[in-house]
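Residues per chain, in single letters:
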Amino acid sequence: MLTASQKVLQQLAALLLERAGLKITPDGFHSLRLALSARMPVLGLEEPEHYIQRLTGAGGEEELRSLLPLVTVGHTEFFRDAKQFRALEKSVLPELVSRSRREMRKVSIWSAGCATGEEPYSLAMVLAELGALSLEVDLWATDLNLAAVEAAKQGRFTSRRAISINQTRLTRFFKPVEEGYEALPALREYIRFDGQNLAVPVFDKVALSSLDLILCRNVIIYFDLPTIRGLMDRFLAALRPGGLLFLGYSESLFKVYDRFEMIEVDGAFVYRRPLNDKSMRAPPLRITPYPGEPEVAARRPVPADAFTADLRKRMLPEDVPLTTRLPAVSASSVAAHGSPSVTLPALGASSSPRSVVPGRLPAVSPHSPLPAIAAPLPSSVARSRVTAELPTVGSGDSARPRITTELPAVATTPRAPTVEVPAWPTLLPPAERLAMAVRKMAQGDFSAAIAGVQRLLADEPSDLDGLLTLGNLFSLTGRIPEAREAFAQAIQREPLCVEARVFGGVAALQAGELSEARSELGKALFLEPTLAIGHYLLAQVHERTQDHEAARRSYRNAIAQLRFPQRPLAGHYPEMPDSADAISRAARYALAALEEQPLR
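Residues numbered from 1 in each chain as written. Predicted model: local features only at pLDDT ≥ 70, side-chain atom pairs only at ≥ 80, totals over all residues. Heavy atoms only, no water.

Enquirer: What should I look at first to understand the nonpolar core in this one?
Expert: In a soluble, globular protein the nonpolar side chains are often hidden away together inside. Ranked by size, the top nonpolar core spans 86 residues in total, and within it Leu16, Leu32, Leu468 and Tyr555 carry the most contacts. Considering every element that reaches this core, the biggest residue donor is helix α17 (residues 498-510), with eight residues. (Core = buried A, V, L, I, M, F, W, Y, C linked by side-chain atoms within 4.5 Å. Buried < 20%, exposed > 50% of the residue type's maximum accessible area, 1.4 Å probe, protein only. Helix = DSSP H or I, 4+ residues; strand = E, 2+ residues; numbered from the N terminus.)

Rendered as structure tokens:
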């Protein structure tokens, strides 16, 4: 691996903190070395000092953006996400091993975005403990960062990085070396390491309907919406019917991609290629038992309350009847009702009411009454859409736009008001539980919404959507320190979380902390320069500081970035413009209003 002085690594860490808000402590300098090893050859540089000069010179910001995803490659660990690995150990991998033996083929697994190898080595340990031989397994582990792939092949890990491996596994699968542990050759034999770019349109190394399991965890959070959908199409084609896809705990296909089915396996929600997917049917599979092996039922009895029996049925060919389905959301309580409207509060921290400013993002003052809504949203609606009705060109100043929230007509059964917090179900997927809380937020029932999200996070403490939404709820109700803490937790889990910076900037703007707001939004735009809503919000900060020229520039930037696809933000903020049309109209009107004012 590249040798870089402590001074160079400290300079690089300081630059990342200043520009992107990414905090790298000395025990994370390993990831900086990996990133330097990957980027310096691309630029034809041999000395780390010269690379630092490139970052601080002309064009340095673009190179720093290329470096960022490689820096976070070190943000991984063995057996990450206890719920998912419990499902893998208890149900998924045992069933895949048994089925592949019956069909006289290998278990085929892809660890996509494997970083420095902690995930595939974790899988290999579980497979070995299940009695699977390395020749029975095709475990393909890939990453875009070839330096990380080479480090993974070596199988060397510091004591700190190996802390989540229990002593029994350390003794069986590793040998002590200087400063840590090295995977034994017998464990490394399970894994094929390779380089692979997940954003390419075709996976030429993957056959159609060939994989039993794909793990792509904490990768798609860095992709835009078209890239995510294209990747999901390729994953779907690569999996066998009934094959499973594991995403990261902060990643969801809710309202993003609907061709996978979501199922629950031992408390973990995972995605499955439908068994009756006729559009990309896999070739017939052999069902001859593995020589000398009895049937699974005779060899390994299944407890009546275990999920394994159901999982086996789910993964059998499509003519086997399925006995378990996730409960559908009931619609029996729906009745006709008129279209609701929302009265938005004024922006600012003052308790005195004032009119809505054209092109501005409304917010809830700590002392203002919470917005009311006439009827709850249906389960399919996550957020309202804010638009501005603009006056005709040339109209007077009195023709101010009226901010409205366009909501579809809904129907509900009238029910008596209650002050009790509803019983939030725990068997629904996290995204659906969060949607329930979002509906409470849209109704103005902020207390119930906060209680619902907090209960979700008690069960799923690493749910990024939940953390961001909770931060926004605290921000909207004037609990700014708690909002900051929620956004800090989101950044701790995902260091390049753009949404945490955006919503952190909104919270600071509401609190009147304009310098903090400018800093947070600046970091968000460094991470994602084409994010139109970020430029729009930054323009509002500039207006609040009376820097009208900077505000004009930011509004123009917001409009210009709309030529690029705009992805939906994780987390929920009820009055945030979330469509290109809404952002464009609001930014254009605000810009027109500023153009009428003289330069200062």
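Right, picking up where we left off after that structure.
Enquirer: How should I be thinking about the packing of aromatic side chains in this particular structure?
Expert: Two descriptors summarise a pair of aromatic rings, namely the distance from one centre to the other and the angle between the planes of the rings. Enumeration over the complete set of coordinates arrives at 14 aromatic pairs. Joined through ring pairs, the aromatic side chains of Phe78, Tyr121, Phe157, Phe174 and Phe193 make up one cluster. Over the aromatic face of Phe526 sits the side chain of Arg65, whose NZ or CZ is 4.9 Å from the ring centroid. Geometry around Phe203 places Arg234 over its ring, the cationic atom sitting 5.1 Å from the centre. (Phe/Tyr/Trp six-rings, centres within 6.5 Å; stacked < 30°, edge-to-face > 60°. Lys NZ or Arg CZ within 6 Å of the ring centre and 35° of its normal.)

Enquirer: Explain the sheet that holds strand β5 (residues 180-183) here, please?
Expert: Within a sheet, adjacent strands bond to each other through the backbone by hydrogen bonds, running parallel or antiparallel. Here we have three strands laid out as an open sheet, ordered β3-β5-β4, and antiparallel in their pairing. Bordering the open sheet on either side are β3 (156-158) and β4 (174-177), each of which pairs with just one other strand. Put simply, the sheet's adjacent strands are angled 30° from each other on average, direction ignored. One ladder, built from four bridges, connects β4 with β5; its direction is antiparallel. What sits directly across from Val177, in β5, is Gly180. (Pairing = 2+ DSSP bridges. Axes fitted to C-alpha atoms, helices over the stretch in contact; angles between N-to-C directions.)

Enquirer: What exactly am I supposed to notice about the packing of helix α5 (residues 82-102) against helix α6 (residues 118-129) here?
Expert: For any two helices packed against each other, the geometry is given by the interaxial angle and the distance between the axes. It is at 10 Å that the axes of α5 and α6 come closest, and there the two elements cross at 60°. When the axis of α5 is compared with that of α6, the two are oblique. Here α5 runs over α6; the crossing is right-handed. Two secondary-structure elements touch here, α5 through Phe85, Leu88, Glu89, Leu93 and Val97 and α6 through Glu119, Ser122, Leu123, Val126 and Leu127. (Parallel < 35°, antiparallel > 145°, perpendicular 65-115°, else oblique. Left-handed = near helix turned anticlockwise from the far one by under 90°. Contact = heavy atoms within 4.5 Å.)

Enquirer: Quick question: what am I supposed to make of the pairing of strand β1 (residues 107-112) here?
Expert: Side-chain positions along a regular strand alternate between the two faces of the sheet. For β1, the tally of buried residues reaches six of six residues, placing the bulk of the element in the interior. Going residue by residue along β1, you find Val107, Ile109 and Ser111 tucked away on one face and Ser108, Trp110 and Ala112 tucked away on the opposite face as well. In the sheet, β1 pairs with strand β2 (residues 137-143) via six bridges, with the strands oriented parallel. Looking across to β2, one finds that Ala112 is bridged to Thr142. Bridge count between β1 and strand β7 (residues 211-216): three bridges; the pairing is parallel. By the bridge assignment for β7, Trp110 is matched with Ile214.

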